Amino acid sequence: MTASDRPVALSTKALVAGYERDLPIVRGVDFAIRQGELVVVLGPNGAGKSTFVKAIAGLVPVHSGTASLGAADITSVPAHEKIRHGLAFVPQTENIFATLSIHENLLLAANILPKERRQERIAALYGMFPDLAARPSLRAGQLSGGQRQMLAVARALVVEPSVLILDEPSAGLSPKIVAEVFSTLKAINETGVTIVLVEQNVKAALAIADRAVILVEGLLRHEGPAATLADDPIVAELYLGARHVPKAAGQ
Ligand SMILES: Nc1ncnc2c1ncn2[C@@H]1O[C@H](COP(=O)(O)OP(=O)(O)OP(=O)(O)O)[C@@H](O)[C@H]1O
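All figures in this text were calculated on a predicted structure; none of them were measured in a lab. (Residues numbered from 1 in each chain as written. Predicted model: local features only at pLDDT ≥ 70, side-chain atom pairs only at ≥ 80, totals over all residues.)

Q: Account for the overall build of the protein chain, naming residues and giving values.
A: Secondary structure summary: the protein chain contains 10 helices and 10 strands in total. Computed over its C-alpha atoms, the radius of gyration of the protein chain comes to 18 Å, within 12% of the 18 Å expected for a compact globule of 251 residues. Overall size of the protein chain, expressed as C-alpha extent along the three principal axes, is 65 × 40 × 40 Å. Counting across all 251 residues of the protein chain, residues that qualify as buried make up 40%. The long-range fraction of contacts in the protein chain, counting pairs at least 24 apart against all pairs at least 6 apart in sequence, stands at 66%. (Helix = DSSP H or I, 4+ residues; strand = E, 2+ residues; numbered from the N terminus. Rg over C-alpha atoms; globule rule 2.2 N^0.38 Å. Buried ≥ 20, exposed ≤ 12 C-beta atoms within 10 Å, placed from the backbone. Contact = placed C-beta atoms within 7 Å.)

As structure tokens, then:
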């Protein structure tokens with residue numbers, strides 16, 4: 001089955017959201033990602049990318065429109081309840097408890113699972129993240145930036161979400177560490193987890209994504225397969241400072 005035949009995992013319809021009622025930041029976004037896809041959300045600074053995913057996650061007020069997981073409307077489901085529907089969100093910052101150990105961070109995330117499943121899930125996560133397994137009693141605040149992001153991702157995966165949304169997991173990381181984080185995300189995606197990735201790191205994100213959507217001023221301006229968008233003049237215009245997009249011969 002190709003990606004386009006698979007059921008929609010997460011969608012929004014005419015989603016309008018923002019911090020104040022009279023100031024919508026996301027201004028009517030129709031978006032869909034199919035099961036097993038990895039879609040990157042691109043766009044210039046201030047375009048509303050974070051606001052868009054936070055609105056889906058229940059962390060920013062939705063003014064109108066809907067967000068759905070599969071067929072279930074989750075627009076009004078409180079943020080902490082969305083995980084029970086299979087949606088996990090990794091915020092850009094404050095995504096771990098720095099004063100607690102790696103193991104305590106995972107235990108806290110596992111709290112919503114039935115008691116008998118917690119150890120088994122944490123063991124599975126340690127299998128996926130050997131760096132975390134190597135020193136479970138280390139205080140999370142002592143981890144490097146990349147390892148912190150991995151702990152944040154591991155916390156999100158404890159409850160086996162069907163959809164994982166990440167808000168700029170590469171922020172502040174060196175290119176080498178970004179490559180490691182992204183290859184881990186790709187491996188997670190290959191286990192069947194649908195991933196929505198908000199990113200500024202365009203090249204690296206397009207290299208692992210199936211598809212990309214571009215938000216500009218709160219609107220979905222452009223979308224397409226990641227492989228072709230990498231060479232798209234609109235991407236160049238928005239990101240690479242190419243103000244004058246070269247016209248095709250004859251124009
Ligand atoms: N907590 C907040 N309260 C009020 N306005 C906010 C808040 N957070 C962001 N905004 C505003 O919302 C708009 C969109 O911000 P957002 O962070 O969603 O953009 P972004 O595309 O994710 O940008 P970046 O890539 O720089 O993070 C900006 O004008 C920003 O100033």
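Read on, since the account is not over.
Q: Describe helix α6 (residues 145-157), with residues and values.
A: Taking 1.5 Å as the rise per residue, α6 with 13 residues should run 18 Å; its terminal C-alpha atoms sit 19 Å apart, in good agreement. Counted residue by residue, α6 has 12 buried out of 13 residues, so it is predominantly covered. Residues Gly146, Gln147, Arg148, Gln149, Met150, Leu151, Ala152, Val153, Ala154, Arg155, Ala156 and Leu157 constitute the buried set of α6. The secondary structure elements touched by the buried residues of α6 are β6 (87-90), α3 (102-109), α4 (115-128), α5 (130-133), β7 (163-167) and α7 (175-190). (Expected span 1.5 Å × (residues − 1).)

Q: Lay out the site of the ligand in plain terms, naming residues and giving numbers.
A: Tyr19, Ile25, Gly43, Asn45, Gly46, Ala47, Gly48, Lys49, Ser50, Thr51 and Gln200 make up every residue found near the ligand. Classifying every residue of the shell around the ligand by side-chain character gives 3 nonpolar, 7 polar and 1 charged. (Near = placed C-beta within 6 Å. Nonpolar A, V, L, I, M, F, W, Y, C, P; charged D, E, K, R; others polar.)

Q: Summarise the pairing of β7; cite the residues concerned and give the values.
A: The buried fraction of β7 amounts to 5 of the 5 residues, a majority that puts the element mostly inside the structure. Here β7 shows a buried face lined by Val163, Ile165 and Asp167 and a second buried face lined by Leu164 and Leu166. Sheet topology note: the β7/strand β8 (residues 194-198) ladder contains 5 bridges and is parallel. For Leu164, the partnering residue across the bridge sits in β8 and is Ile195. (Pairing = 2+ DSSP bridges.)

Q: Describe the sheet that holds strand β4 (residues 62-69), with residues and values.
A: With antiparallel pairing, the 4 strands of this open sheet are ordered in space as β2-β1-β4-β5. Of all the strands in the sheet, just β2 (26-34) and β5 (72-73) have a single pairing partner and so form its edges. With 2 bridges connecting them, β4 and β5 associate as antiparallel partners. For Leu69, the partnering residue across the bridge sits in β5 and is Ala72.

Q: Account for unusual backbone geometry, naming residues and giving values.
A: For Glu94, which is not a glycine, the phi torsion comes out positive at approximately 50 degrees. A residue is classified by how many C-beta atoms lie within 10 Å of it, and Glu94, with 8 of them, is exposed. A positive phi angle is found at Glu168, which is not glycine, with a value near 45 degrees. Within the secondary structure layout, Glu168 lies in the loop between β7 and α7. Take Glu168: there are 22 C-beta atoms within 10 Å of it, and that puts it in the buried class.

Honestly, that's just the spatial picture; any functional story needs more than this.
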